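Below are the chains, spelled out letter by letter.
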Amino acid sequence: MSSAGQPQVEYVECGLEGIFSALDAGLPGEGNQLRQSKRPAENNHPGDGKRTETIEIVIAPYLADIAAHRDNVGIELDEWLVLKILSASYRHVSITQISTRRHLEQLAARQPDLVFSGVKYFSFDGRDVWLNDFLDLHGIAYVASDKAALDKEHDKVRAKRIMQGANVATAKFFSTAPEEHPNAESIPLAFPLFVKPVEGGDSRGVDADSVVHDIEGFRRKVHDIHETHLSRALVEAHLSGREYSVGILEDASSGTLRAMPIEIVAAPNRNGDRVLDFDIKKQDAEAVKQVMDMTVHAQLCDLARAAFRALGGKSLGRIDIMMDHENVPHFIEANLMPGLRKGYFYRGCVLNLGMTYEEMILTIADNGLAAHCRYSQAG
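Read on for an overview of the structure. A quick note: this is a predicted structure, and the numbers were derived from the prediction, not measured. (Residues numbered from 1 in each chain as written. Predicted model: local features only at pLDDT ≥ 70, side-chain atom pairs only at ≥ 80, totals over all residues. Heavy atoms only, no water.)

1. Overview of the overall build of the protein chain
Each helix and strand counted, the protein chain has eleven helices and 17 strands in total. For the protein chain, with 379 residues in total, the buried portion stands at 50%. Sequence separation of at least 24 residues holds for 68% of the intrachain contacts in the protein chain that already meet a minimum separation of 6. Summed over all atoms, the accessible surface of the protein chain reaches about 17,600 Å², with 49% contributed by carbon and sulfur. (Helix = DSSP H or I, 4+ residues; strand = E, 2+ residues; numbered from the N terminus. Buried < 20%, exposed > 50% of the residue type's maximum accessible area, 1.4 Å probe, protein only. Contact = heavy atoms within 4.5 Å. Areas by Shrake-Rupley, 256 points an atom, 1.4 Å probe, with all protein chains shown as cover.)

2. Overview of the packing of aromatic side chains
Tallying each qualifying case throughout the model produces four aromatic pairs. Seen in terms of ring centroids, Tyr121 and Trp130 are 5.1 Å apart; in terms of plane orientation they differ by 45 degrees. Their pairing is tilted. Taken as a pair, Tyr121 and Trp130 share a single burial class, namely buried. Relative to Phe218, the ring of Phe174 lies with its centre 6.4 Å away and its plane at 40 degrees, an arrangement referred to as tilted. With Phe174 in strand β9 (residues 173-176) and Phe218 in helix α7 (residues 215-228), this residue pair connects regions lying 44 residues apart in the sequence. By relative accessible area, which is 9% here, Phe174 ends up buried. Sitting over the ring of Tyr357, Lys342 keeps its end group 5.6 Å from the ring centre. (Phe/Tyr/Trp six-rings, centres within 6.5 Å; stacked < 30°, edge-to-face > 60°. Lys NZ or Arg CZ within 6 Å of the ring centre and 35° of its normal.)

3. What about the layout of surface pockets?
In this structure, the second largest pocket spans a volume of roughly 290 Å³. If you go around the second largest pocket, you meet 16 residues; those closest to its centre are Ser240, Gly241, Arg242, Glu243 and Arg274. Of all the elements, strand β14 (residues 257-265) adds the most residues to the lining of the second largest pocket, at three residues. (1 Å grid on protein atoms, 1.4 Å probe; cavity = no way out; pocket = protein on both sides within 12 Å on 5 of 7 lines; lining within 4 Å. Points joined across faces, edges and corners; volume = space filled by probe spheres on them.)

4. Some thoughts on the sheet that holds strand β10 (residues 193-197)
Across the sheet, which stays open at both edges, the four strands sit in the order β9-β12-β10-β11 with antiparallel pairing between neighbours. Sheet topology places β9 and β11 (211-212) at the edges, where each strand pairs with a single neighbour. Two strands pair when backbone bridges link them, and β10 and β11 are joined in this way by two bridges, in the antiparallel orientation. Across the sheet, Leu193 pairs through a bridge with Val212, a residue of β11. Taken strand by strand, helix α6 (residues 156-165) contacts β9, β10 and β12 (233-237), and its axis lies near 155 degrees from that of β9. Strand contacts of α7: β9, β10, β11 and β12, with the helix running at about 10 degrees to β10, the strand carrying the most contacts. (Pairing = 2+ DSSP bridges. Axes fitted to C-alpha atoms, helices over the stretch in contact; angles between N-to-C directions.)

5. Quick word on the sheet that holds strand β13 (residues 243-250)
In space, the five strands of this open sheet follow the order β15-β14-β13-β16-β17, with antiparallel pairing throughout. Of all the strands in the sheet, the pair left with one neighbour each is β15 (287-290) and β17 (329-335). Ignoring which end each strand starts from, the neighbouring axes of this sheet average 30 degrees apart. Direction of pairing for β13 relative to strand β16 (residues 316-323): antiparallel, over a ladder of seven bridges. Residue pairing across strands places Ser245 opposite Asp320, the latter belonging to β16.

6. Some remarks on the nonpolar core
Membership of the largest hydrophobic core comes to 62 residues, with the highest contact counts inside it found for Leu86, Phe116 and Met360. For this core, the element with the most residues is helix α9 (residues 294-311), which contributes eight residues. Those residues in contact with Phe116, other than ones at most four positions away along the chain, are Ile55, Glu56, Ile57, Val58, Leu77, Val82, Leu86, Val143, Leu340, Ile361, Ile364 and Ala365. Within the second largest apolar cluster, 17 residues are counted, among which are Ile98, Phe124, Phe134 and Tyr142. (Core = buried A, V, L, I, M, F, W, Y, C linked by side-chain atoms within 4.5 Å.)

7. Some points on the environment of Ile215
Along the chain, Ile215 turns up in helix α7. Among the residues examined, Ile215 registers a relative accessible area of 14% and is labelled buried. Taking the C-alpha atoms as reference, Ile215 lies 8.8 Å from Phe191; in sequence the two are 24 residues apart. In this view, Ile215 contacts His181, Pro182, Asn183, Ala184, Ile187 and Phe191; residues no more than four positions away in its chain are not counted.

So, in structure tokens, the structure goes:
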């Protein structure tokens, strides 16, 4: 610890086996960095077939309640699994926990070739430092999108307006708060409606009461979102068709976008509606299917690519889509930092590309490095 009580970055030099032994022994502590950059001489030679780029897996400190939601983390990584996967192909891979501004400055000074991270921002002395924008300033490659794109997808109203401007189909909508639309005559859309928070991911605030059929249900749901989630409500014309999620993976060499659609099927709730709500996602109770209809597959891919580009997404993302009663696909929302555990993005990779989990992680890392080179060459 420093004299000011702040942890210092420590370096533990060891091979992969030693790193996992350190994990069993309780390391790393806050502010520590575990590195592989000095492997035993017999394993660290040009003939080992490994790439020589340096990769740091950057994580934020965990909250006291390790299961609590962290607003500053977009992708919750299993960092030790990612370390193991990347270490099989790259010679210099490490995990870095950023706890202070000094840790971030030290990261910039080290100039790794790639930062593999799901952190959106760090807060120091009441000010937020957005990681990927910080890395851009220092010429360091990273995975996922920058703050400008993340801001667009985070505000669902803004994202839908961007879709309208890009001629991407999305349900008619408006936003509201308690008392702004006090009676049925003041509501600009016809029932049934779908009501959810303007901000937030993982279907927080979405439940069986999100589909509303009358003014009483509308008022209750808008009030619940205001009180429970401290958010305005996004109100959309209810789309009654099938639900899909489309993973997007940017190609390393060309910048083209590979789209990977899957169908998501939730069981009918107590009202008879199929709503992919927070509890269903948490319990992994929904069914995930391959999209076999090639016409639908193509429609989903085209819409997802257009939405991703309109938001300014980079590297990877996920676009959620619903069909209306005439089977026309509509943009619902985007996630430009999709989960990299075995969720929808991974299942899209499996069902569309036949990728293993290891191949997915390596592809994301390779794309981050290649995209950085491409953007740099383009100025």
